[in-house]
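Close look at the chain arrangement
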Amino acid sequence: MRSPKEDLELFKSDYNSIASTYRDGSLSKSDLDAWKLVQLRKVLGKAKKNSPFYQCLLAEIDIESISLDSLEKIPFTTKDDLRTHMQGVMSGSMRDAAFYYETTGTTGAATPCPRDKKESYASNLQLQYAYEDVINSLFKDGEKPILGIMGPTEVHSFSDTLESIAFELDMCSAKIWPGSPVIGFDKCLSLIKNLGIEVLATSPGQVMTLAKEAKKRGLDPLTDFSVKAFMLSGELCTPALAKNLESLWGANIFNSLYGSQEAFVIASTTPNNELRPHLPNYIFEVIDPTSGERIGDSGIGELAVTNLVDGVKPLIRYRTGDIVRLEDTKSGNLFERYRIQVVGRVKDAVTLNGINFTAAEIEETIMGNITGCLGYQIIIANTSNKDSIIVKFELPGLRDKEKKSLISELTSRVQDDLCCESTIMIVDDLSDHVNLGGWIKWKAARLIDTRETLDHSDDPEVSTNAILERLNK
């Protein structure tokens, strides 16, 4: 029997041979499929043997009969399963893990998300490729920027992952999370300025908060700092919001990754700010969010993923709860062929006057053509059986004429795009929690629903059918 160290080294040898050819464009579809099938059966075997949850779920499954085309024989794993069974989902003990993380607990009980060295290695390497490509596109002649890391909590993988990537790319990194009682905004901004930090990894909301806090201290984000790029994650960032963030800092904005604590990094950015799914690490399925019927390995629907690393907590046919557009361009090598766009969470859909909208559609409407914004918040109300919204913007420095023009333009756009009346307000100071965004939850941070009769966004059949029809047009 191999020791854990021998098992890790064997995995890394096998994985590196796939990952390197994937990155240089020489990996064939047949070789990728062969890797996927071998790893799938390893994951299924380990889970069925060692995980109390998967022992029950896979009890009637003949693992050797499972192929890449017969995954429907296996039931889905859901977020509720993770909350109910907690450590019972693990395919090993906590002592087998290298790191302990957990979810933020904003949509239910915080669930354990331990990772072993194999899981961390495979997930980090794909994200490392993305960081390397972006940095090479922005910094010439081997110049190495300093990376500022602003992760949400001590039991979140964000900081450890990016610190490891910076180490592998020979970059200096600094953990400067302003939510830490030791750091705070004074120290955080001082470090960004005095160290000349050029790349900052954080959430979109925090980019606005940093600008706001800098202005409070008499600093100009456009001239007093050296930031060239923000590597964003943790929450939604539509093109409209990205344009606003660029206006605040004069920096490049990248949706750096898509993933979750429980499923790891599923996709990462290209220098063109598109998301590349990590093909060697997952089997991807696009499913109908209502019926669970498999649409295919590309298309528009809810994303389900199966981890291909037989680590301490691989997930099998895990329903992410995210609506995505997974595109197979049918051209180029496997590293360049697929792209994924995250439209929003199934449960973040909002019903306005009987029409369902994704978080992305709402944000794109609200933020379209707006620059210099330090935060926004949406309040939904219902009067005489008609839904309407109030939108609060923190937009300093606008003259009265500019305010009137913006209010008129946005009122018309909300009516046209979201089919409801609106009241647009420009305020001096929004609540601090608004910009926490994905570290809390998009809806919890930026959207307040005051309607006595709750919308039907928790009912997938109500909230997604019309959305999918609209996205497919």
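Predicted model, so just to flag it, every value in this text is computed and none were measured. (Residues numbered from 1 in each chain as written. Predicted model: local features only at pLDDT ≥ 70, side-chain atom pairs only at ≥ 80, totals over all residues. Heavy atoms only, no water.)

Side note on the sheet that holds strand 1 (residues 147–149)
Note the following rule: Should DSSP find at least two bridges between two strands, the strands are regarded as paired. Numbering of helices and strands runs from the N terminus; a helix is a DSSP stretch of H or I covering at least four residues, while a strand is a stretch of E covering at least two. Each axis is a line fitted through C-alpha atoms, taken for helices only over the stretch in contact, and angles between the N-to-C directions span 0 to 180 degrees. Should any heavy atoms of two residues lie within 4.5 Å, those residues are counted as being in contact.
Within the open sheet, the five strands sit side by side as 2-1-3-4-5. Their pairing is parallel. The open sheet terminates on both sides in strands that have one partner only, identified here as strand 2 (173–175) and strand 5 (252–255). Between one strand axis and the next, the sheet turns by 20° as a mean value, whatever way the strands run. Bridging between strand 1 and strand 3 (residues 199–202) involves three bridges; their strand directions are parallel. Bridged to L147 within strand 3 is V199. Against the sheet, helix 8 (residues 204–216) engages strand 3 and strand 4 (229–232), with an angle of about 120° to strand 3.

Side note on helix 7 (residues 184–194)
Spelled out, the test is: Residue exposure (1.4 Å probe, protein chains only): buried if accessible area is under 20% of the type maximum, exposed if over 50%, otherwise partly exposed. Note: the arc covers the axis-to-C-beta directions of the helix.
Along helix 7, the positions that sit buried rather than exposed are G184, C188, L189 and I192. Around the axis of helix 7, the buried residues are gathered within 155° of arc, so they sit on the same side. Exposed residues on helix 7 whose side chains face more than 90 degrees from its buried face are D186 and N194. Turning to helix 7, the residues buried within the fold contact strand 3 and helix 8. At the exit of helix 7 stands G196, carrying a positive phi of roughly 65°.

Concerning the environment of A304
Take A304: it is sitting in strand 11 (residues 299–307). Residue A304 is classed as buried on the basis of its relative accessible area of 0%. For the pair formed by A304 and A214, sequence separation is 90 residues and the distance between their alpha carbons is 41 Å. Not counting residues within four places of it along the chain, the set of residues in contact with A304 comprises F76, I283, F284, E285, I287, Y318 and R319.

Describing the packing of helix 1 (residues 4–24) against helix 5 (residues 117–138)
We count it as follows: Comment on the angle field: the value is read as roughly parallel under 35 degrees, roughly antiparallel over 145, roughly perpendicular from 65 to 115, and oblique elsewhere. By convention the crossing between two helices is left-handed if the near helix lies anticlockwise of the far one by an angle smaller than a right angle, and right-handed if it lies clockwise. The classification used treats Ala, Val, Leu, Ile, Met, Phe, Trp, Tyr, Cys and Pro as nonpolar, Asp, Glu, Lys and Arg as charged, and all other residues, Gly among them, as polar.
At a closest axis distance of 10 Å, the pairing of helix 1 and helix 5 adopts a crossing angle of 25°. Relative to helix 5, helix 1 is oriented roughly parallel. Judged by the twist between their axes, the crossing of helix 1 over helix 5 is right-handed. Contacts from D7, L8, F11, K12, Y15, N16, A19, S20, Y22 and R23 in helix 1 reach K117, K118, Y121, A122, L125, Q126, Y129, E132 and D133 in helix 5. By residue class, the composition of the contact of helix 1 with helix 5 is nine nonpolar, three polar and seven charged.

Side note on helix 8
Using the following cut-off: To estimate the expected span of a helix, subtract one from its residue number and multiply by 1.5 Å.
The terminal C-alpha atoms of helix 8 lie 19 Å apart, and with 13 residues this matches the ideal 18 Å at 1.5 Å per residue to within 8%. Most of helix 8 sits out of view: 11 of its 13 residues are buried. Where helix 8 ends, the next residue or the one after it, G218, has phi of about 80°, a positive value.

Remarks on unusual backbone geometry
If you check the backbone angles, D141 has positive phi at about 55° while not being a glycine. Take D141: it is sitting in the loop between helix 5 and strand 1. For D141, a relative accessible area of 83% translates into the label exposed. Residue C419 is not a glycine yet carries a positive backbone phi of 60°.

Considering the pattern of salt bridges
The line we're drawing: Salt bridge, as applied in this entry: a Lys or Arg side-chain nitrogen positioned within 4 Å of an Asp or Glu carboxyl oxygen.
Scanning the model with the defined rule gives 29 salt bridges in all. Two residues, R339 and E274, come together in a salt bridge whose shortest N-O distance is 3.2 Å. Of this pair, R339 sits in strand 13 (residues 338–345) while E274 sits in the loop between strand 7 (264–269) and strand 8 (275–277), and the two are 65 residues apart along the sequence. Taking relative accessible area as the criterion, E274 reaches 37% and is therefore assigned partly exposed. Its salt-bridge partner being D387, residue R451 comes within 2.9 Å of it at the nearest N-O pair. Linking R451 in the loop between strand 19 (447–449) and helix 14 (460–471) with D387 in strand 17 (residues 386–394), this pair joins segments that are 64 residues apart in sequence. Through salt bridges that share partners, R2, D7, K118 and D310 make up one connected network.

Considering the sheet that holds strand 19
Read across the open sheet, the four strands follow the order 18-17-16-19; overall the sheet is mixed. The open sheet has two free edges, formed respectively by strand 18 (421–427) and strand 19, since each of these has just one partner strand. Here the strands of the sheet are splayed against their neighbours by 20° on average, with no regard to which way each runs. Where strand 16 (residues 376–383) lies against strand 19, three bridges are found, and the strand directions are parallel. By the bridge assignment for strand 19, I380 is matched with D449. Against the sheet, helix 11 (residues 359–367) touches strand 16 and strand 17, its axis set at about 105° to strand 16. Across the sheet, helix 12 (residues 400–418) lies against strand 17 and strand 18, angled at about 145° from strand 18, the strand it touches most.

The values reported here are purely geometric and, on their own, carry no functional implication.
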